[in-house]
Amino acid sequence: MRFIPFLILFVTGLGHLSAQSVKPANVQFDIIIRNGLIYDGSGQPPIPGDVGIRGDR
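We now turn to the structure provided with this report. The structure displayed is predicted, hence computed values, not measured ones. (Residues numbered from 1 in each chain as written. Predicted model: local features only at pLDDT ≥ 70, side-chain atom pairs only at ≥ 80, totals over all residues. Heavy atoms only, no water.)

**So, unusual backbone geometry**
Inclusion rule: Numbering goes from the N terminus for both helices and strands, where a helix is a DSSP run of H or I of at least four residues and a strand is a run of E of at least two.
One non-glycine residue, Asn35, lies in positive phi territory at about 60°. Its location among the elements puts Asn35 in strand β1 (residues 31–38).

**A look at the pattern of salt bridges**
What counts is decided by this rule: One side-chain nitrogen of Lys or Arg within 4 Å of one carboxyl oxygen of Asp or Glu is enough to make a salt bridge. Only protein chains enter the calculation, and the probe is 1.4 Å; a residue is then buried if its accessible area is under 20% of its type maximum, exposed if over 50%, and partly exposed in between.
One pass over the structure, following the stated rule, counts one salt bridge. Between Arg34 and Asp50 there is a salt bridge whose closest N-O contact spans 3.8 Å. Here Arg34, found in strand β1, pairs with Asp50, found in strand β2 (residues 47–53); they are 16 residues apart in sequence, far enough to count as distant. The class of Asp50 is partly exposed, set by a relative accessible area of 43%.

**Section: a nonpolar patch on the surface**
Note the cut-off: Residues with no salt bridge and a relative accessible area higher than 30% make up the patches, which join like charges within 9 Å and nonpolar side chains (Val, Leu, Ile, Met, Phe, Trp, Tyr) within 5 Å. Each accessible area is a Shrake-Rupley result for a 1.4 Å probe, and residues are judged covered by the shown protein chains and nothing else.
A cluster of nonpolar side chains, namely Ile31, Ile33, Ile38, Ile47 and Val51, defines an oily patch on the protein surface of about 400 Å² accessible area. Listed by contribution, the elements that provide at least two residues to the nonpolar patch are β1 and β2. When residues of the nonpolar patch are assigned to their parent elements, the largest contribution, three residues, is made by β1. For Ile47, the location among the structural elements is in strand β2.

Here's what the structure looks like:
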């Protein structure tokens, strides 16, 4: 029975994370690379995503 409060907290936290927007509003980039594969250098498989470059960063 001690497991149920933890499970409820976990599921609530996941719902909160999924409700957040991942696209910032009104951000302008000089270069946008869409539909690429992002390698984070950890050895994990790449994830699909977009990359925005502003200036030299």
